[in-house]
Amino acid sequence: DLITTPVTLTNCDREPIHIPGAIQPYGFLLCLDPATQLIVQASANTEALVGLAAEDLLGGGLGQLLGPARLAEVAGCLATLTETAQLLGARLETVAGQPYYKLIMHRYDELLWVEFEPVVETDAAPLDLAFLNAALGQMLAAPTVLDFCQHAAEQVRAITGFDRVAIYRFAPDESGEIIAEATAPDLPPWLGLHYPASDIPQQARAMYLKNWLRFIPDAAYQPVPLVPGLRPATGRPPDMTYAVLRSVSPIHLEYLHHMGSAATLTISLIDEGQLWGMITCHHRTPRLVGFELRELCQFIGKTFSALIAGKVRADQRADQLHVRERLAQLLERVSRADDFVEALAQPGPTIQEVFGCGGAAVCFGGEVQLLGDTPTEAQVRKLLAWLSENAPGPLFHTDSLAAHYPTGGPALRATASGLIAAALADAPGHYLLWFRPEVVQTVTWAGQNDKPQLLADGQIFLSPRQSFEAWKQLVEYTAAPWQPLELAAAHEIRQHVTDLQLKAFNELQARTL
Ligand code: BLA
């Protein structure tokens, strides 16, 4: 039974975070039967906040808290509710001191959810349409994905006043990287850090696809249970997917504690139904952000989400153009050169500079010319011998040379985990080579250099240090994959050089005849 089994590091993908049966107590929660609008469950902190015991509220209506006029208005709103949150401000007229609350309401799991949030004042900027309009203009005009993310981070920080606002982008393996951030001046940068997929488990990702915002105003809170814990009509805890007050996974609270984060607000970035990334906001002290500001954050997240695919395409087009331009320059220069083999290694650009790789080699007529970060000449010569024997076809490529070439590949991991080998002529050993380093050597994993941490009960906390070790084992001896565009460029260079070889051969033939 996963509700009573303690969450450990091995079962955390299965922690039922949608049914914690408890809330974060900065507000209180009432669940109503949709047919009768009577209270069937209440959070246990109503007494502490408004002096009415949860047990006493059960079975009655919202009239226990609201005056008749407000009650009629709220009842009308409840009648037509959907999953989308609706807001009404209300003075709790029947309560001593008449505190003012915001009622955040939605319908889900056959319940009406009424979350009462105290009205908060933050030092965040008030909603300013001129600012918002300018901000949107900047996001639209951003020429690259990174510029776009940088603007978004700065704007969310300007609006919310969080100490740190970071844009976290997921990789295909579900690990992630901080690609832009805006921070208070005295915070260390997280830019460029990578985090393992397990930091945001599957079920949490699935939930953030449904609910665009996760808010934890005080990570040191004590969870407050629902009364009763199980819904009488169903015998199970209600599904809190859309409840703002939903209590947080204890493992994640531990994680935030280790990060030095007292409050977070996270906004989903969704591209075509997939979680593209998240805007994560952190604060070193507890921080309450009001409903309207949270709605504005969601608005920015949704705008970002609508625009991101276009920015990604623009980046791809720019990359493509860049590769095409340099390819054209190289081929043109090589065609005009007296010695086309030498020209391949001369700047303006060299074969290494046409697309992103760590290094390259021009191997022709027994000569080996090395460019950039490459294995040693002796290692390249051994590789050439192996290629002549083992590499099929005119263009051989791999992201993991060690897997194909176990006798020599592992030693080349630092510079040549990735390889494109273009065979030039029938003469063995004539090759153009492109090398890519092992991913592990190019990525900064968060907490890579931390010491392992132990929890109080002696259990090892899955710190970034251990997850780095786990991830390293998965991606050892592999490089970033070659893109179709890069393989096409290598193919084209090979084709061009082969034509030049043929032409030179024909000219030689003509002269000797
Ligand atoms: C949730 N983990 C999250 C969330 C983030 C991260 C953003 C969303 C909730 C929030 O806003 O805080 C992770 N936050 C990060 C990362 C960065 C960041 C990577 O700022 C980078 C800068 N977490 C773990 C492990 C487990 C785990 C090992 O590290 C499980 C064993 C669980 N993380 C976990 C769970 C949630 C979560 C269960 C969901 C919390 C919830 O919504 O209730």
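For clarity, every value in this text was computed on a predicted model and none was experimentally measured.

Caption draft 1: Spotlight on the environment of Arg313. Tracing the backbone shows Arg313 in helix H8 (residues 291-336). Between the alpha carbons of Arg313 and Thr144 there is a distance of 9.5 Å; along the sequence they are 169 residues apart.

Caption draft 2: Here's a closer look at the site of the ligand. Around the ligand, a shell composed of 28 residues is seen, among which Cys12, Tyr208, His252, Thr266 and His282 lie nearest. Between an oxygen atom of the ligand and a side-chain N or O atom of Arg214, the distance comes to 2.8 Å. Protein chains bury 99% of the 880 Å² of accessible surface belonging to the ligand in isolation. Secondary-structure elements contributing two or more residues to the shell around the ligand are helix H6 (202-210), strand E10 (213-216), helix H7 (250-259), strand E12 (263-271) and strand E13 (274-283). The leading source of residues in the shell around the ligand is H7, at 4 residues. Along the lines of polarity and charge, the residues of the shell around the ligand split into 17 nonpolar, 7 polar and 4 charged.

Caption draft 3: Representation of the sheet that holds strand E16 (residues 395-398). Strand order across the open sheet formed by 5 strands is E15-E14-E18-E17-E16, with antiparallel pairing between neighbours. The open sheet is flanked by strand E15 (367-372) and E16, the only strands paired with a single partner. Neighbour-to-neighbour, the strand axes of the sheet open up by a mean angle of 10 degrees, direction not taken into account. Inspection of the sheet shows strand E14 (residues 359-364) paired to E15 by 6 bridges, in the antiparallel sense. Looking at E15, one finds that Ala360 is bridged to Leu371. Along the sheet, helix H14 (residues 484-512) contacts E14, E16, strand E17 (418-423) and strand E18 (431-436); its crossing angle with E18, the most-contacted strand, is approximately 160 degrees.

Caption draft 4: Examining the packing of aromatic side chains more closely. Under the counting rule described, the total for this entry stands at 14 aromatic pairs. Both rings, one in Phe340 and one in Phe364, keep their centres 6.4 Å apart while their planes meet at 70 degrees; by these two values the pair is edge-to-face. Here Phe340 is found in helix H9 (residues 340-343), whereas its partner Phe364 is found in strand E14, with 24 residues between them in sequence. On the basis of relative accessibility, which here comes to 13%, the residue Phe340 falls in the buried class. An aromatic cluster of at least three residues, connected via ring pairs, comprises Phe28, Tyr101 and Phe116. The cationic tip of Arg164 hangs over the ring face of Trp190; the distance from NZ or CZ to the ring centre is 3.7 Å. Seen from the ring of Trp212, Lys302 lies directly overhead, with NZ or CZ sitting 5.3 Å from the centre.

Caption draft 5: Summary view of helix H10 (residues 377-390). Between the first and last C-alpha of H10 there are 20 Å, a value that for 14 residues agrees with the 20 Å anticipated at 1.5 Å per step. Considered for burial, the residues of H10 that qualify are Val380, Leu383, Leu384, Trp386 and Leu387. Turning to H10, the residues buried within the fold contact E14, E15, E16, helix H11 (401-404), E17 and E18.

Caption draft 6: Representation of the pattern of salt bridges. Scanning all chains against the criterion turns up 14 salt bridges. The shortest N-O distance in the salt bridge between Arg164 and Glu181 comes to 2.8 Å. Within this pair, whereas Arg164 is found in strand E7 (residues 164-170), its partner Glu181 is found in strand E8 (residues 176-183), the two being separated by 17 residues in sequence. Each member of the pair Arg164 and Glu181 is classed as buried. Residues Glu476 and Arg413 are paired through a salt bridge, measuring 3.4 Å at the closest nitrogen-oxygen approach. With a gap of 63 residues between them, Glu476 in the loop between helix H13 (464-475) and H14 and Arg413 in helix H12 (residues 413-416) connect regions that are remote in the sequence. With relative accessibility at 27%, the residue Glu476 sits in the partly exposed group. The class for Arg413 is partly exposed, based on a relative accessible area of 22%. Among the charged side chains, a network of salt bridges with common partners joins Asp163, Asp186 and Arg284.

Caption draft 7: Summary view of the sheet that holds strand E19 (residues 444-445). An order of E10-E12-E13-E7-E8-E9-E19 is seen for the 7 strands of this open sheet, with the pairing classed as mixed. Because the sheet does not close on itself, it has two edges, and the strands there are E10 and E19. Taken together, the 6 bridges between E7 and E13 define a ladder with antiparallel strand orientation. For Arg164, the partnering residue across the bridge sits in E13 and is His282. In the packing of H6 onto the sheet, contacts are made with E7, E10, E12 and E13, and the angle to E13 comes to roughly 90 degrees.

Caption draft 8: A look at the packing of helix H5 (residues 145-160) against H8. Packing of H5 against H8 leaves a shortest axis separation of 9 Å and a crossing angle of 170 degrees. Compared by their axis directions, H5 and H8 come out roughly antiparallel. In this structure, H5 contributes Val145, Phe148, Cys149, Ala152, Val156, Ile159 and Thr160 to the contact, and H8 contributes Leu293, Leu296, Cys297, Ile300, Phe304, Leu307, Ile308, Lys311, Val312 and Asp315. Here the residues of the contact of H5 with H8 sort into 14 nonpolar, 1 polar and 2 charged.

Caption draft 9: Broad picture of the nonpolar core. Counting 47 residues, the largest nonpolar core has Ile167, Leu265, Trp276 and Phe304 as the members making the most contacts within it. Among the nonpolar cores identified, the runner-up in size contains 30 residues, and Leu371, Leu487, Ile493 and Val497 belong to it.

Caption draft 10: The arrangement of the state of the cysteines in detail. Here the structure, examined in full by the defined rule, presents 0 disulfides. With no disulfide of its own, Cys77 lies 16 Å from the sulfur of Cys31, the closest cysteine sulfur. Residue classification places Cys77 among the buried positions, given a relative accessible area of 17%. Its sulfur unpaired, Cys357 is 13 Å from the next cysteine sulfur, which belongs to Cys363.

Conventions adopted
Residues numbered from 1 in each chain as written. Predicted model: local features only at pLDDT ≥ 70, side-chain atom pairs only at ≥ 80, totals over all residues. Heavy atoms only, no water. Helix = DSSP H or I, 4+ residues; strand = E, 2+ residues; numbered from the N terminus. Near = heavy atom within 4 Å. Polar contact = N/O pair within 3.5 Å; in protein donor to acceptor, adjacent residues only side chain to side chain. Areas by Shrake-Rupley, 256 points an atom, 1.4 Å probe, with all protein chains shown as cover. Nonpolar A, V, L, I, M, F, W, Y, C, P; charged D, E, K, R; others polar. Pairing = 2+ DSSP bridges. Axes fitted to C-alpha atoms, helices over the stretch in contact; angles between N-to-C directions. Contact = heavy atoms within 4.5 Å. Phe/Tyr/Trp six-rings, centres within 6.5 Å; stacked < 30°, edge-to-face > 60°. Buried < 20%, exposed > 50% of the residue type's maximum accessible area, 1.4 Å probe, protein only. Lys NZ or Arg CZ within 6 Å of the ring centre and 35° of its normal. Expected span 1.5 Å × (residues − 1). Salt bridge = Lys/Arg side-chain N within 4 Å of Asp/Glu carboxyl O. Parallel < 35°, antiparallel > 145°, perpendicular 65-115°, else oblique. Core = buried A, V, L, I, M, F, W, Y, C linked by side-chain atoms within 4.5 Å. Disulfide = S-S within 2.5 Å.

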